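# Descriptive analysis of the structure
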Amino acid sequence: MNPWIGPALVVLLLPIGPSSAWGQGTPPIVEDFDSLGAWEDLHFPKIPRHSEFAISMEDGRGVLELRSDGSASAKVYRGSFDPYELSRLSWRWRIDGLPHDEDPSRKEGDDYAVRIYVLFEYDPDNPGSAGRVRYRLAKLLYGAFPPHSTLNFVWANDRATRDYFRNPFTDRAAMIVRDRGARNAGEWRSHEIDIVEEYRKAFGEDPPHRATLAVMADTDNTGTRSRAWIDFIRVEGPR
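Values in this document were obtained by computation on a predicted structure and should not be read as measured data.

A word on the overall build of the chain. Helix and strand counts for the chain come out as 3 helices and 13 strands. Out of the 239 residues in the chain, the part that is buried amounts to 55%. If you take every contact in the chain between residues at least 6 apart in sequence, the share linking residues at least 24 apart comes to 79%. Element-wise, carbon and sulfur atoms account for 45% of the exposed surface of the chain, whose accessible area totals about 10500 Å².

Moving on, we get to the nonpolar core. Buried together is how nonpolar side chains tend to be arranged in soluble globular proteins. By size, the foremost hydrophobic cluster in this structure holds 37 residues, and its most contacted members are Leu 89, Val 118, Leu 151, Leu 213, Ile 230 and Ile 233. Mapped by element, the contributors of at least two residues to this core are strand S4 (61-69), strand S6 (88-95), strand S7 (112-120), strand S8 (149-156), strand S10 (170-180), helix H3 (195-203), strand S12 (211-218) and strand S13 (225-236). With 5 residues, the top contributor of residues to this core is S7. Those residues in contact with Leu 89, other than ones at most four positions away along the chain, are Val 118, Phe 153, His 191, Glu 192, Ile 193, Ile 195, Leu 213, Ile 233, Arg 234 and Val 235. Within the second largest apolar cluster, 10 residues are counted, among which are Leu 42, Ile 47, Ala 74 and Ala 214.

This part is about the packing of aromatic side chains. This model, assessed by the stated rule, comprises 7 aromatic pairs. For the ring pair Trp 91 and Trp 93, a centre distance of 5.4 Å and an interplane angle of 65° mean the geometry is edge-to-face. Among the residues examined, Trp 91 registers a relative accessible area of 0% and is labelled buried. Residue class for Trp 93 comes out buried when judged on its relative accessible area of 0%. One aromatic cluster is present, formed by Trp 91, Trp 93, Phe 153 and Trp 155 through successive ring pairs. Just above the ring of Trp 229 sits the side chain of Arg 94; from NZ or CZ to the centre is 4.3 Å. Cation over ring: Arg 234 sits above Phe 232, and NZ or CZ is 4.3 Å from the ring centre.

Moving on, we get to unusual backbone geometry. Among all residues save glycine, negative phi is the norm, and among peptide bonds the norm is trans. For Phe 33, which is not glycine, the phi dihedral falls at a positive 60°. Mapped onto the elements, Phe 33 comes out in the loop between strand S1 (29-31) and strand S2 (39-42). Despite not being glycine, Lys 46 has its phi angle at roughly 70°, a positive value.

One open sheet holds the 7 strands; their spatial order is S2-S5-S12-S7-S8-S10-S9, and the pairing between them is mixed. Either end of the sheet is taken by a strand with one partner, and the two such strands are S2 and strand S9 (164-167). For this sheet, the mean angle separating the axes of adjacent strands, direction not counted, is 25°. Two elements, S7 and S12, share 7 bridges in a ladder whose sense is antiparallel. Among the inter-strand pairings, Tyr 117 is bridged to a residue of S12, identified as Ala 214. Against the sheet, H3 engages S7, S8, S9 and S10, with an angle of about 95° to S8.

Chain-level pLDDT for the chain is 85 on average; 79% of the residues reach the 70-or-more range. Between residues 137-145, whose pLDDT stays under 50, and residues either more than four places distant or in other chains, the model counts 14 contacts.

Right, let's get into the environment of Arg 180. Within the fold, Arg 180 resides in strand S10. Sequence separation of Arg 180 and Trp 155 is 25 residues, and the distance between their C-alpha atoms is 5.7 Å. Residues in contact with Arg 180, not counting those within four places in the same chain, are Trp 155, Ala 156, Asn 157, Asp 158, Ala 160, Thr 161, Arg 162 and Asp 163. Of note is the side chain of Arg 180, whose polar atom sits 3.3 Å from the backbone oxygen of Arg 162.

How each quantity is defined
- Residues numbered from 1 in each chain as written.
- Predicted model: local features only at pLDDT ≥ 70, side-chain atom pairs only at ≥ 80, totals over all residues.
- Heavy atoms only, no water.
- Helix = DSSP H or I, 4+ residues; strand = E, 2+ residues; numbered from the N terminus.
- Buried < 20%, exposed > 50% of the residue type's maximum accessible area, 1.4 Å probe, protein only.
- Contact = heavy atoms within 4.5 Å.
- Areas by Shrake-Rupley, 256 points an atom, 1.4 Å probe, with all protein chains shown as cover.
- Core = buried A, V, L, I, M, F, W, Y, C linked by side-chain atoms within 4.5 Å.
- Phe/Tyr/Trp six-rings, centres within 6.5 Å; stacked < 30°, edge-to-face > 60°.
- Lys NZ or Arg CZ within 6 Å of the ring centre and 35° of its normal.
- Pairing = 2+ DSSP bridges.
- Axes fitted to C-alpha atoms, helices over the stretch in contact; angles between N-to-C directions.
- pLDDT = per-residue confidence, 0-100.
- Polar contact = N/O pair within 3.5 Å; in protein donor to acceptor, adjacent residues only side chain to side chain.

Right, here's the structure in full:
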């Protein structure tokens, strides 16, 4: 797949939307998936098949169900937050199985039943290691500055031997494995991380001060199928 149209890189080219509370203290994000009203679709050029996102009921509460069938697309959160104020990201997810056994560090294996992204806004006045020229070119092509970088939290197969590695389509996307293999498929798995600490581990520098979220299911590279669920996503201040 051409890296300029790969799912991970196209997510990088999404402008981050405004937050109504920006500059006044960022409110926590508590997404229990009663609806998808706070999320918008992201479809990728030259990938005609779109993954499906729907609210399904489980034990009397809503959960987000993600289905992919040789497809790729994402849902992006409409607001934004300051990761220094709201540094604690937590979620609970489940898969019914792994879609493939390809090496996820290679382009042909860059498919996951579920991804949770943190996307960081590019600051044109402080480009850092991302590179001013590349981002100005992207603005010319797409009409807006792309986000600076992303953290991609994934449920990977056993061929992902490292917990941290760069996405094969772009070095501005860090892949962070939080579950590995099929041994826990069918079970809910809970995670909590510190966004700033994870960013420093992945990129060796401090993150920008503005970010948003995305969720994704993709099996377009492997032509396989996947099914996953997310119970909740929360972005809160430190304990």
